[in-house]
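Examining the three-dimensional arrangement
Chain by chain, the residues:
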Amino acid sequence: MTVTPPPARGRPQTITRVHASALLVGTDRTVLVLDGNGDLAAVTPDTALAGAAVRVLLTRSDLLDAGVRTVPGSGGRLTPGSGPLVDELLDHLNPLLTIAGDRQQ
């Protein structure tokens, strides 16, 4: 399942709060990867380990370990205080994603 469309030429992929929330909401797709086409995709752990991922970027466990939670039954709305935690993680991940994209070009 591709989470975001391929970027326009020259525009790097960016991981957002929506990507993070999607990993936490009742699905077995708990791993966000950068696939061989340069797309972000939410996949199962088995799919990621089977080689579908060029890079594993973020997992449900990473988010839970950082204290990120969603409001039950909300479809992925972050609990108060979780937004800044996600933003801090993304502030570290997105520059690495840009570097990875530059290396692929």
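Scroll up for the structure.
Notes on the structure follow. (Residues numbered from 1 in each chain as written. Predicted model: local features only at pLDDT ≥ 70, side-chain atom pairs only at ≥ 80, totals over all residues. Heavy atoms only, no water.)

Take the environment of Thr16 next. Secondary-structure assignment places Thr16 in the segment before helix 1 (17-24). Considering only alpha carbons, one finds Thr16 and Asp91, 75 residues apart in sequence, at a separation of 10.0 Å. A polar contact of 3.2 Å, which involves the side chain of Thr16, links it to the backbone nitrogen of Val18. (Helix = DSSP H or I, 4+ residues; strand = E, 2+ residues; numbered from the N terminus. Polar contact = N/O pair within 3.5 Å; in protein donor to acceptor, adjacent residues only side chain to side chain.)

With respect to the helices, strands and loops of the structure, His19 is situated in helix 1. For His19, a relative accessible area of 3% corresponds to the buried category. For His19, the side chain forms a polar contact with the main-chain nitrogen of Thr16, separated by 2.8 Å. (Buried < 20%, exposed > 50% of the residue type's maximum accessible area, 1.4 Å probe, protein only.)

All chains considered together, the criterion is met by one salt bridge. Across the salt bridge formed by Asp87 and Arg17, the nearest N and O atoms sit 2.6 Å from each other. Taken as a pair, Asp87 in helix 4 (residues 82-104) and Arg17 in helix 1 lie far apart in primary sequence, 70 residues in all. With relative accessibility at 30%, the residue Asp87 sits in the partly exposed group. Judged by its relative accessible area of 38%, Arg17 falls in the partly exposed class. (Salt bridge = Lys/Arg side-chain N within 4 Å of Asp/Glu carboxyl O.)

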